[in-house]
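# Coordinate analysis (summary)
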Amino acid sequence: MAKGPKTAASDIARLVEQTDITTVAERLGLHLDNRSRRPRRALCPFHNDKDPSLHLYRSGSGQTERDHYHCYVCGAHGDAISLIQNYEKVSFWEAAQRLAEIEGVELGATRQPVIDRSSGAALLSKRLETSSAADTKFIAFCQERGFQPEFLRSKGAANISLDDLIKNARADRAVEEQLVEAGILRRGEAGEPAGDLYGPRLRGFFHGSRIVLPIDGPRGDPVGFAARALDGSKPKYLYSYDFPRRTSLYGEGRVLHAVRERGQANRNTTFEIFLVEGIFDALRLEQLGFLALAVLGAQITPGQVESIGRIQELVAQYDGELRFHIFLDGDEAGRRGAYDATLQLLRLLQQGLPFALKVVATGPKDDLKVDPDTFLRDMTPETAREKLLAASVGPL
């Protein structure tokens, strides 16, 4: 395979496409039967196989065509790289290089594709950035919810489907691995239509089109994604596979950035941070000019409290004053969550770094089911601050 200006990922895609998995199985030392039947079979190395049950075959069409293996006994399934990975217990890149060696070609080590959660997340982030700003469903959603489309776009939100990414993953094995690592795609079970096996079905963490938002980590890069339904589909929110929800706070990266930026510009700054349940609660507060963190549910977790403690320490580095406002929903779950969050945050005082704490209670005259997003909708920043101040009470 001639080397050129192509990326290592595209080199791998062409390599997998041209590979004969039977040859790979033989080079790995798998025991193949001597019958002329198709597909060829081998003793499956992933369980104690007595009768050859590992089928070696080609499936797909066009750019997505490549060889696969499938065991009907233990369910082992994958392509040539996956076979090497699982049999020799090596990384994706090591398996790709081993496959290149078997096929007698060379992969440029200096162009090694990065295969991790960050690289896969970057692919979806790029898809969000390049989506149409004039998407009618997205604009209609913003108008219905009282958000400025430009504001939500600046937070990475867009109405998309995962169809294009799935198509790219089927055509490029490295892209598939990146998106699977990031929890954006998952390999499904193989099917057996028309007497032949297709490759593993790739399914996204949501179907159809949804409003997708990246969930930033402490460094500002996405640690996961949330997809909100545009219609009445349930569940309303879906999160990318293996998203570390219990240790993540929506808006954490932006809050840390704001603390550093304001603290460096002016020490002794006061930082007011609102703790809310949902993503759009946090976005509502941000659009009004406040700092907000969403705990992604009614119950704050110990891992999230640790992250809040790091914000507390950062504010102290700039000799700042920190004020927390617990602003969960007004229903029973939200009230229980606010009680628990109060106790958990007060324990942060053991670090010796003081902060003020208030609980925003909408009051008995207001609808107890109203969330912060609904409560603040259509308010100006000045009115919102006045209403929040009036609704704030001490934790006791």
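Relevant structure appears above.
Residues numbered from 1 in each chain as written. Predicted model: local features only at pLDDT ≥ 70, side-chain atom pairs only at ≥ 80, totals over all residues. Heavy atoms only, no water.

## Some points on the overall build of the protein chain
Check the secondary structure of the protein chain and you find 15 helices and 15 strands. Dimensions of the protein chain, computed from the C-alpha atoms along their principal axes, are close to 80 × 45 × 45 Å. Taking all 396 residues of the protein chain together, 49% fall into the buried category. In the protein chain, the share of contacts with a sequence separation of at least 24, taken over all contacts with a separation of at least 6, comes to 63%. Accessible area of the protein chain: about 19200 Å², with a carbon and sulfur share of 48%. Of the charged side chains in the protein chain, 52 are positive and 54 negative; the average position of the first set lies 1 Å away from that of the second. (Helix = DSSP H or I, 4+ residues; strand = E, 2+ residues; numbered from the N terminus. Buried < 20%, exposed > 50% of the residue type's maximum accessible area, 1.4 Å probe, protein only. Contact = heavy atoms within 4.5 Å. Areas by Shrake-Rupley, 256 points an atom, 1.4 Å probe, with all protein chains shown as cover. Lys, Arg positive; Asp, Glu negative; His and termini not counted. Charge placed at Lys NZ, Arg CZ, Asp CG, Glu CD.)

## Examining the packing of aromatic side chains
Applying the stated rule across the entire model yields nine aromatic pairs. Between F324 and F355, the ring centres sit 5.2 Å apart and the planes meet at 75°, which makes this aromatic pair edge-to-face. Separated by 31 residues along the polypeptide, F324 in strand β13 (residues 321-326) and F355 in the loop between α13 (332-346) and β14 (356-360) bring together distant segments of the chain. Exposure class is identical for F324 and F355. Each is buried. Pairwise contacts between aromatic rings join F141, F147, F151 and F280 into one cluster. Taking the ring centre of Y241 as reference, the NZ or CZ of R186 above it sits at 4.0 Å. (Phe/Tyr/Trp six-rings, centres within 6.5 Å; stacked < 30°, edge-to-face > 60°. Lys NZ or Arg CZ within 6 Å of the ring centre and 35° of its normal.)

## Concerning the pattern of salt bridges
Under the counting rule described, the total for this entry stands at 24 salt bridges. A salt bridge links D373 to R145, with the shortest nitrogen-to-oxygen separation between them at 2.4 Å. One end of the pair, D373, is in helix α14 (residues 372-376); the other, R145, is in helix α6 (residues 136-145), with 228 residues separating them in the sequence. A single burial state applies to D373 and to R145, both of which are buried. (Salt bridge = Lys/Arg side-chain N within 4 Å of Asp/Glu carboxyl O.)

## Some remarks on the sheet that holds strand β4 (residues 77-79)
Taking strand neighbours across the sheet as the criterion, the four strands line up as β1-β2-β3-β4 in an open arrangement whose pairing is antiparallel. Here the strands that pair on one side only, and so sit at the sheet edges, are β1 (40-42) and β4. When strand polarity is set aside, the average angle formed by the axes of neighbouring strands in this sheet is 30°. Pairing analysis gives three bridges linking strand β3 (residues 66-71) to β4, with the strands arranged antiparallel. From the neighbouring strand, H70 faces β4, where its bridge partner is H77. Along the sheet, helix α3 (residues 80-88) contacts β3 and β4; its crossing angle with β4, the most-contacted strand, is approximately 120°. (Pairing = 2+ DSSP bridges. Axes fitted to C-alpha atoms, helices over the stretch in contact; angles between N-to-C directions.)

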